[in-house]
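Residue strings, one per chain:
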Amino acid sequence: MYNPKSKDLDREYFPSYHTTRFQDQPEPNMAVQEHFIRLTQQHERDLTEKQGISVDHLRYGGGRRLVDVFYNESTPDHAPLFVFVHGGYWQMLDKSSSCSLVGPLVRRGYRVAVMDYNLCPDVTLEKLMKEFSGFISWIFDYAELTNVLEVTFAGHSAGAHLLAQILHSQEAMSPQRSKKVWALVFLCGVYDLRELYNLESVNPKNILGLSQQSAETLSPMLWEYTDVAIWSSTKLYVVAAEHDSTTFIEQSRRFAELLKKTGFRASFKVFSKYDHFDIIEETAIDESEVSKFLRNIRMD
Ligand SMILES: N[C@@H](CC(=O)c1ccccc1NC=O)C(=O)O
């Protein structure tokens, strides 16, 4: 149990119930999600319409396996690449609501890739994770072709869970590739699926296609990490939001502990004041705490 005091796991695993914003609304949890989608979609439109940012639309596979790469006229040829993996419990959201962090990072000299992936139930979570491994391979091929020397990855929520696969993906990784990875940023993720896989709220009618067995094999918290040595130059940041549930914060804390114990250069931080949603929304603001954190990663 990640929160032994809780009697309501559905609630623990529904981040929108833990916001402290929108308390004047009849259903703050609905309001926070609607606000998140409206605002982040506006962020995406602003990039090309108001901020002079260009985008290349690329594809790493069939269906929704799309990647948008953002840059502006000052982006250097060998700009470091920042890759973002969105959340939404593997069943919702897409890149139209996942570009908030692009503007501030492009203005600081990054090229930024925002990826889409096939969602459940079009694919099972197991298949999605295989496809995500394919994406990892693709993005390193892309980095090699475009002479990118430094890559940082960030994932939010279910996207942080997907990103953990990079540490466990023998087919996609090699010492040459991991040496290019400056940092991995795990924002407000879940790393153990055993409590959530049979919650009707998170996995209605089992649209993730999980069994008790696969919920275990797809849990980064339960993996054995054999390739730690190839990650010696990469920093791992496991971050939780103050206004996430105790369960979410504990999942992050214990994932960071596991990574440290295994020998990774991992740290854990709870971001005060943020909830599961504004920690992403505020990545669009150059001087927000979360933006400062993301760009300071290069200085650490
Ligand atoms: N229906 C969920 C929404 C949710 O879990 C979520 C929404 C946006 C981004 C990430 C999310 N969660 C995990 O990936 C909730 O009410 O909290």
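Keep in mind that what you see is a predicted model, and the values were worked out from it rather than measured.

Conventions used here
- Residues numbered from 1 in each chain as written.
- Predicted model: local features only at pLDDT ≥ 70, side-chain atom pairs only at ≥ 80, totals over all residues.
- Heavy atoms only, no water.
- Near = heavy atom within 4 Å.
- Polar contact = N/O pair within 3.5 Å; in protein donor to acceptor, adjacent residues only side chain to side chain.
- Areas by Shrake-Rupley, 256 points an atom, 1.4 Å probe, with all protein chains shown as cover.
- 1 Å grid on protein atoms, 1.4 Å probe; cavity = no way out; pocket = protein on both sides within 12 Å on 5 of 7 lines; lining within 4 Å.
- Sits in = over half its atoms within 2 Å of the grid points.
- Pairing = 2+ DSSP bridges.
- Helix = DSSP H or I, 4+ residues; strand = E, 2+ residues; numbered from the N terminus.
- Axes fitted to C-alpha atoms, helices over the stretch in contact; angles between N-to-C directions.
- Contact = heavy atoms within 4.5 Å.
- Points joined across faces, edges and corners; volume = space filled by probe spheres on them.
- Nonpolar A, V, L, I, M, F, W, Y, C, P; charged D, E, K, R; others polar.
- Right-handed = clockwise from strand over helix to strand, strands pointing away.
- Core = buried A, V, L, I, M, F, W, Y, C linked by side-chain atoms within 4.5 Å.
- Buried < 20%, exposed > 50% of the residue type's maximum accessible area, 1.4 Å probe, protein only.
- Expected span 1.5 Å × (residues − 1).
- Phe/Tyr/Trp six-rings, centres within 6.5 Å; stacked < 30°, edge-to-face > 60°.
- Lys NZ or Arg CZ within 6 Å of the ring centre and 35° of its normal.

**Student:** Looking at this model, I keep getting lost on the site of the ligand. Mind explaining?
**Tutor:** Every one of the 13 residues lining the ligand counts as a neighbour, but Pro15, Ser16, Gly88, Tyr89 and Ser157 are closest to it. Residue Ser16 places a side-chain N or O atom 2.5 Å away from an oxygen atom belonging to the ligand. In isolation the ligand has 400 Å² of accessible area, and contact with the protein removes 96% of it. In this structure, the ligand is accommodated by the largest pocket.

**Student:** What am I meant to see in the sheet that holds strand 5 (residues 151-156) here?
**Tutor:** What holds strands together in a sheet is hydrogen bonding between their backbones, with the strands either parallel or antiparallel. Read across the sheet, eight strands follow the order 1-2-4-3-5-6-7-8 without closing on themselves; strand pairing throughout is mixed. The open sheet has two free edges, formed respectively by strand 1 (54-59) and strand 8 (265-275), since each of these has just one partner strand. Sheet twist, expressed as the average angle between the axes of neighbouring strands with direction ignored, equals 20 degrees. Bridge count between strand 6 (residues 181-187) and strand 7 (residues 235-243): five bridges; the pairing is parallel. Bridging from a neighbouring strand, Leu184 pairs with Leu236 of strand 7. This element, helix 10 (residues 289-296), spans strand 3 (81-85), strand 6, strand 7 and strand 8 of the sheet and lies at about 165 degrees to strand 8.

**Student:** Looking at this model, I keep getting lost on empty space enclosed by the protein. Mind explaining?
**Tutor:** It is a probe the size of a water molecule, rolled over the atoms, that shows where empty space is left. Enumeration according to the criterion identifies two cavities of 30 Å³ or more in this entry. As for the largest cavity, its lining consists of Ile166, Leu167, His168, Ser169, Gln170, Met173, Asp227, Ile230 and Trp231. For the lining of the largest cavity, the class distribution of residues is five nonpolar, three polar and one charged. As for the second largest cavity, its lining consists of Leu101, Pro104, Leu105, Thr283, Ser291, Leu294 and Arg295. Contributions of two or more residues to the lining of the second largest cavity are made by helix 3 (102-107) and helix 10. Among the elements that line the lining of the second largest cavity, the one with the most residues is helix 10, at three residues. Partitioned by chemical class, the residues of the lining of the second largest cavity number four nonpolar, two polar and one charged.

**Student:** Please explain the layout of surface pockets as it appears in this structure.
**Tutor:** In this model, the largest pocket occupies a volume close to 320 Å³. The wall of the largest pocket is formed by 22 residues, among which Gln33, Gly88, Tyr89, Met92 and Phe277 lie closest to the centre. At three residues, helix 2 (residues 28-50) tops the list of elements feeding residues into the lining of the largest pocket. Looking at the lining of the largest pocket, its residues break down into ten nonpolar, twelve polar and no charged. Of the pockets and cavities examined, the second largest pocket occupies roughly 180 Å³. In this structure, the second largest pocket is lined by Glu126, Met129, Lys130, Ser133, Gln165, His168, Ser169, Glu171, Thr217, Leu218 and Trp223. Top contributing element to the lining of the second largest pocket by residue count: helix 4 (residues 125-145), with four residues. In the lining of the second largest pocket, the residues fall into three nonpolar, five polar and three charged.

**Student:** How do you make sense of the pairing of strand 8 when you look at a structure like this?
**Tutor:** Side chains on a regular strand alternate between the two faces of the sheet. As defined by bridge partners, strand 7 adjoins strand 8 across eight bridges and the pair is classed as parallel. Its bridge partner being in strand 8, Val239 is matched across the sheet by Lys269. What joins strand 7 to strand 8 is helix 8 (residues 246-262), and the crossover it makes is right-handed.

**Student:** Before we go on, may I ask you to explain the nonpolar core in this structure?
**Tutor:** Most often, soluble globular proteins have nonpolar side chains that are buried together. Formed by 68 residues in total, the largest nonpolar core has its most connected members in Trp90 and Phe186. For this core, the element with the highest residue contribution is helix 4, accounting for eleven residues. Residues within four places of Trp90 in sequence aside, it is in contact with Leu119, Cys120, Leu125, Leu128, Ala158, His161, Leu162, Val190, Leu193, Leu196 and Leu208. Core analysis: the next-biggest nonpolar cluster, separate from the first, contains 33 residues, Phe82, Leu187, Cys188 and Ile280 among them.

**Student:** I tried to follow helix 10 on my own but got confused; where do I start?
**Tutor:** Of the positions making up helix 10, those classed as buried are Val290, Ser291, Phe293, Leu294 and Arg295. If you follow the buried residues of helix 10, they end up packed against strand 3, helix 3, strand 6, strand 7, strand 8 and helix 9 (278-281).

**Student:** What am I meant to see in helix 4 here?
**Tutor:** Structural remark: α-helix, 3.6 residues per turn; residues separated by three or four positions point the same way. Taking 1.5 Å as the rise per residue, helix 4 with 21 residues should run 30 Å; its terminal C-alpha atoms sit 30 Å apart, in good agreement. Downstream of helix 4 by a residue or two, Asn147 has a phi angle that is positive, lying close to 60 degrees.

**Student:** Can you walk me through the environment of Pro121 in this structure?
**Tutor:** One can find Pro121 in the loop between strand 4 (111-115) and helix 4. Given a relative accessible area of 57%, Pro121 falls into the exposed group. Between the C-alpha atoms of Pro121 and Phe14, which are 107 residues apart in sequence, the distance is 19 Å.

**Student:** Any chance you could explain the packing of aromatic side chains here in plain terms?
**Tutor:** The full count for this structure, using the stated rule, is 19 aromatic pairs. Relative to Trp138, the ring of Phe135 has its centre 6.4 Å away and its plane inclined at 20 degrees; by these criteria the two rings are stacked. Here Phe135 and its partner Trp138 are both found in helix 4, three residues apart, which amounts to about one turn of the helix. By relative accessible area, Phe135 is classed as buried at 0%. When the ring centre of Phe271 is taken as reference, the NZ or CZ atom of Lys269 above it lies at 4.5 Å.

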